[in-house]
Each structure stands twice: as C-alpha cells, then as structure tokens.
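Chain by chain, the residues run as shown.
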Amino acid sequence: GAVVSQHPSWVICKSGTSVKIECRSLDFQATTMFWYRQFPKQSLMLMATSNEGSKATYEQGVEKDKFLINHASLTLSTLTVTSAHPEDSSFYICSARESQGVYQETQYFGPGTRLLVL
Amino acid sequence: SQQGEEDPQALSIQEGENATMNCSYKTSINNLQWYRQNSGRGLVHLILIRSNEREKHSGRLRVTLDTSKKSSSLLITASRAADTASYFCATHTGGGNKLTFGTGTQLKVEL
C-alpha cells in the first residue's frame, strides 16, 4: 500500500529557531501533498495544500511567511516553521495524494511530527 | 464552516459489542471518508463512500451515507480492544481536492 513518511517524528527546539519537517511519499508519486495541524484531542485542521513545482495554497488564517512550504519533487514536501514560538507547539501531519490512478481521492497520511517549542 | 460534527464525542464499549459513530456535514460532497487515528499517530484510511452510494462494507466496517440528511454512520461490528482509537469522518468536495475533517469520536473498547 501507499506509504508516507515524516521526519523527524519528534522535535524540541528553543523559541526563535526554525524547524523543518519533511514529508515523503515512499512508493508513489504525489503531485499534491497536504499539511495539517492537530492540537491535543482535537481534529485535524488543514494548513496548506502543497503542489509540486508551484506555490502552496494556504488556508485562511495561516501565515505563509511563518509556515514555509516547498514541494520540490513528486515525492517530497517540506514544512518549515520559522521563528518558532511556544504557541506553534503542535502535532503536524502531512498527507499525499496519488498523481494518477483510481485512488486519487484517497489521502495517505504520514505518522506525524510532534513539535515542542520551549 | 464545512467541518463535520461527530457524535458521540466519546464511546466506551465492551469487546464483542458493536460501535456506531455518526457524522454530520453541511454542504454537498463528492465523497465521505472515514479514518482511524491511534493516540499520537498518523491517520489510517478505513473506507470511502461516494455521494451516489448509500452503503459500503469492508470487513467488520459498515458505512452508510444519507446525502438528504447530510449524515453518515460508521458501524464497527464485534469490536476488539485493538479498535480503541479516534475515528474521524472527512468530507471531500470538488474544489481543490481538500478533505475537511469532523470533530472525531474517541472509541475505547474494554476487555
């Protein structure tokens, strides 16, 4: 089945530093990847849609200069949390959609990255 | 917003019993999907039901969709302790292929 990985799984950083999270589709090509944020015991909130070779589309209320997204290849998207602050602490999850085929409507999720900003 | 609401928020049952979770949404959809999330983990896709389908089965899972009521239900039969997780519905609309997640149901299956 389609596998999506995320790295790192855990990161603790000091306030003011930047953190990069990678999302990779391991056995399929993904033209589109999605970045979500999840607070404890809450649902997933879509932050942005990442399109290979073009700029990401951000949801309302998400600062694009704060959360930089790069989708440089069909298998890799990165999310950089710039100048992180404690309120950025959260669980970040990516998902990927197959570029073609009958399962395009299904998103495959990575295992998530837990970010703690001190 | 389009975000769906699920009920109950939390459900605790004994192993072997059936678990039913409901999801309601607000606007027209292309399909509705159910996902499972174990604590602190990513999401696992369970089942997808299209807007022109009314019922779908996959193993011990049964999903129904009523587009006139804008609601869906997920039934897990003969539950097991390993089914303990959070379950989310997600609606897929045409624009942008985005998924909008519901609020989730936390299921606990006790031995």
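**Considerations on the overall build of chain A**
Assigned secondary structure in chain A consists of zero helices and 11 strands. Across chain A, helices and strands are ordered from the amino to the carboxyl terminus as β-β-β-β-β-β-β-β-β-β-β. In terms of overall dimensions, chain A is globule-like: its C-alpha atoms have a radius of gyration of 14 Å, near the 13 Å expected for 118 residues. Every one of the 118 residues in chain A was classed for burial, and the buried ones make up 49%. Across chain A, contacts joining residues at least 24 apart in sequence account for 55% of those joining residues at least 6 apart.

**Focus on the nonpolar core**
A general trend in soluble globular proteins is that nonpolar side chains are found buried together. A:Val4, A:Trp35, A:Leu79, A:Tyr92 and A:Leu115 are the most contacted members of the largest nonpolar core, which totals 24 residues. Going through the elements one at a time, strand E2 (10–13), strand E3 (19–25), strand E4 (32–38), strand E5 (44–51), strand E7 (67–73), strand E8 (76–81), strand E9 (90–97) and strand E11 (113–117) of chain A are the ones with two or more residues in this core. Counting 21 residues, the second-largest nonpolar core is a separate cluster that includes B:Val63, B:Leu74, B:Ile76 and B:Tyr87.

**As for the confidence of the model for chain B**
Across chain B, the average pLDDT comes to 92, with 95% of residues at or above 70. At the level of individual helices and strands, chain B shows its lowest average pLDDT in strand E1 (residues 5–7) of chain B, which scores 87, and its highest in strand E7 (residues 61–66) of chain B, which scores 98.

**Remarks on the interface of chain B and chain A**
Contacts between the two partners involve 21 residues from chain B and, on the opposite side, 22 residues from chain A. Here chain B packs against chain A, burying approximately 1,600 Å² in sum over the two surfaces, 49% of which is carbon and sulfur. When the buried surface of chain B facing chain A is broken down by residue, B:Leu43, B:Lys98 and B:Phe101 rank first, second and third, together holding 26% of it. Counting across the chain B and chain A interface gives one salt bridge. In this structure, A:Glu59 engages B:Lys98 in a salt bridge whose closest nitrogen and oxygen atoms are separated by 3.2 Å. Between chain B and chain A we count five residue pairs in polar contact (both at pLDDT 80 or more) in total. Going through the elements one at a time, strand E4 (31–37), strand E5 (43–50) and strand E10 (99–101) of chain B are the ones with two or more residues in the side of chain B that touches chain A. For the side of chain B that touches chain A, the residue count by class is six nonpolar, 12 polar and three charged.

**Description of the sheet that holds strand E8 (residues 71–76) of chain B**
Residues and elements named next belong to chain B. A sheet is described by the order of its strands in space; here five strands give the open sequence E1-E3-E8-E7-E6, paired in antiparallel fashion. Edge strands, defined here as strands with exactly one partner in the open sheet, are E1 and strand E6 (55–58). Between one strand and the next, the sheet's axes are offset by a mean angle of 15°, whatever the strand orientation. Across three bridges, E1 lies against strand E3 (residues 19–24) in antiparallel orientation. Within E3, the residue paired with Glu5 across the bridge is Ser24.

**Points about the environment of A:Ala96**
Residue and element names in this part refer to chain A. Mapped onto the elements of the fold, Ala96 is located in strand E9. For Ala96, a relative accessible area of 0% gives the class buried. Between the alpha carbons of Ala96 and Thr75 there is a distance of 8.8 Å; along the sequence they are 21 residues apart. Contacts of Ala96, omitting those with residues within four sequence positions, involve Val4, Ser25, Phe28, Ala30, Thr32, Met33, Thr106, Gln107 and Tyr108.

Cut-offs and rules
Residues numbered from 1 in each chain as written. Chains lettered and ligands numbered in written order. Predicted model: local features only at pLDDT ≥ 70, side-chain atom pairs only at ≥ 80, totals over all residues. Heavy atoms only, no water. Helix = DSSP H or I, 4+ residues; strand = E, 2+ residues; numbered from the N terminus. Rg over C-alpha atoms; globule rule 2.2 N^0.38 Å. Buried < 20%, exposed > 50% of the residue type's maximum accessible area, 1.4 Å probe, protein only. Contact = heavy atoms within 4.5 Å. Core = buried A, V, L, I, M, F, W, Y, C linked by side-chain atoms within 4.5 Å. pLDDT = per-residue confidence, 0-100. Buried area = accessible area lost by both parts, 1.4 Å probe. Salt bridge = Lys/Arg side-chain N within 4 Å of Asp/Glu carboxyl O. Polar contact = N/O pair within 3.5 Å; in protein donor to acceptor, adjacent residues only side chain to side chain. Nonpolar A, V, L, I, M, F, W, Y, C, P; charged D, E, K, R; others polar. Pairing = 2+ DSSP bridges. Axes fitted to C-alpha atoms, helices over the stretch in contact; angles between N-to-C directions.

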